[in-house]
Amino acid sequence: MLFRSYRTNEVFGEVLIPLTSAAQNLPLLRSSELEAAARRVDNSIAGNSTTWTVGLHWSPVQDLMFRANKTSSIRAPAITELFLPAVPAYSFANDPCDVNFIGQGLDPATRAKNCAAAGIPSGFNSNVVNATALGTNSGNPHLTSETAASKSAGVVIQPRWIPRLNVTVDYIDINLTNAISSLSLTSIMDSCYDSTTYPNNQYCSLFQRDPNTHQVVNFQQGYVNAGNLHFTGIQLGADYHFTLPRSLGDIAMRAQYLDTRKLTVQIGSVPVQETAGQIGTNKGRGSVDVLYHKGKFAWDWQGLYTGNANFSNQYAANYQDYMTVHPWWVINSTLSYELPHDVTARLIVDNVFNKLPPFPAIAGSGGNYATGVSQYFSGLMGRYFILSLDAHF
């Protein structure tokens, strides 16, 4: 058995500096503070990096706080990403040279030209669209750290005339480069045939076709520093709790919503793609929780919202009959009771109203529908129950 390892040494420091306080009685400067932190990382494989963050909090009045943050961060490769031994892997793929996909992509003309240069005939039907091909999946000891530059700015509202109410609004911007990605067979093939440097492209050597039938007969998946991602969005949040009269218990309510404004992704040499609004990266996502609590009993109702989405942002307007799926709600509930001896009993009911996925979210074949299945999995499962006992010793 082959044993592999790496070494990481780190040193860090952080500081919090109060700038003003309410005791100073300064106009529009009820309180303000500056926070900062830095970390130096020495990784025997991924190399040396310095990460840092700086943030500012400012409350002009009691009910209002503004906050902003800027961060430079890294993620070193995990041990499985580095040293996973080669293992068999089976995969579907949306073969870009298949008759159903050759007209897609951000540059269909380049794709069609490269497929023709590979000798693949017009009207080609690829088996890998509907039947898995056998290949291998392995780690990559040459990976380097991911890097991210992020910034956020927002406001916290706590109106004194509505005690226990908190409302937050934050703008978030994250730019991830050198991302560690486990490329799917579809991504590998797209990176090959959508490239202007075909066939002199590292991705074209990661799969093999039968020279006579042109069907995919082998591929090599693995981890690479091949991804770039840029996310911007607005996150909203609110929470409120109160006590019912006559000692009837307490109610806590919480709501969150994420509006994804931008999510561009680039894998390998494929052109940058805007994925916000596709199934799996729906622009709108939210949740609402209402928790009732009295003594040892608690009852939680949760609503999960998923916004409408396109099957693909790259599809032409008349590509298929159904281009989008509608917004979707699913309701979950949990009852719990604290028993003697630090034991808690819970009954969890997921998808209480047995809500089906929005039509036709899971339509497709082979690997073409996996995203819809994962996004709307609780709808496929239907209503189901979990009974659990938690004991603490």
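Residue numbering note: each chain is counted from 1, following its sequence as written. This being a predicted model, a pLDDT of at least 70 is required before a residue's local features are given, and a value of 80 or more before pairs of side-chain atoms are given or counted; all residues contribute to the totals for chains, interfaces and linings. The side-chain figures draw on all heavy atoms in the structure; neither hydrogens nor water molecules are used.

Help me understand the side chain of D194 in this model?
With respect to the helices and strands, D194 occurs in the loop between helix 3 (185–193) and strand 9 (207–209). Setting aside its immediate chain neighbours within four residues, D194 contacts T110, R111, N114 and P271. Strands here are runs of E lasting at least two residues and helices are runs of H or I lasting at least four, both read from the DSSP assignment and numbered beginning at the N terminus. Note on contacts: a residue pair qualifies if any of its non-hydrogen atoms lie within 4.5 Å across the two residues.

Explain helix 2 (residues 108–117) here, please?
The buried label goes to any residue with under 20% of its type's maximum accessible area, the exposed label to any with over 50%, and the partly exposed label to all in between, with areas taken from a 1.4 Å probe on protein chains only. Among the residues making up helix 2, those that are buried are T110, R111, N114 and C115. Buried residues of helix 2, seen end-on, are gathered within an arc of 130° and therefore sit on one face of the element. For helix 2, the exposed residues set more than 90 degrees away from the buried face come down to A109, K113, A116 and A117. The inward-facing, buried residues of helix 2 contact helix 3. At the C-terminal side of helix 2, G119 shows a positive phi close to 85°. What the arc measures is the spread of directions leading from the helix axis to the C-beta atoms.

What's the story with the side chain of N137 in this structure? I'm lost.
With respect to the helices and strands, N137 occurs in strand 6 (residues 133–138). Aside from chain neighbours lying at most four places away, what touches N137 is L84, P85, A86, V87, A89, S182, Q221 and G222.

When you look at the confidence of the model for the protein chain in this model, what are you seeing that I'm missing?
A low pLDDT means the predicted coordinates there should not be read in detail. Model confidence for the protein chain is summarised by a mean pLDDT of 90, while 96% of its residues fall at 70 or above. pLDDT is a residue-level measure of predictor confidence that goes from 0 to 100. Note that residues 365–369 has pLDDT below 50 and, in this model, eleven contacts with residues that lie over four places away or in other chains.

I keep staring at unusual backbone geometry and nothing clicks. Help me out?
Of all residues except glycine, most have a negative phi; of all peptide bonds, most are trans. In the segment running from Y198 into P199, the intervening peptide bond is cis, with an omega of 0°. With respect to the element layout, P199 can be found in the loop between helix 3 and strand 9. With an omega of -5°, the peptide bond between F359 and P360 qualifies as cis. In this model, N354 sits at a positive phi of 55°, which is unusual for a non-glycine residue. Here N354 falls in the partly exposed class, since its relative accessible area comes to 39%.

Looking at this model, I keep getting lost on the environment of P163. Mind explaining?
Take P163: it is sitting in the loop between strand 7 (146–157) and strand 8 (165–182). Taking the relative accessible area as the measure of exposure, P163 reaches 44% and is therefore partly exposed. With 79 residues separating them along the chain, P163 and F242 place their C-alpha atoms 9.0 Å apart.

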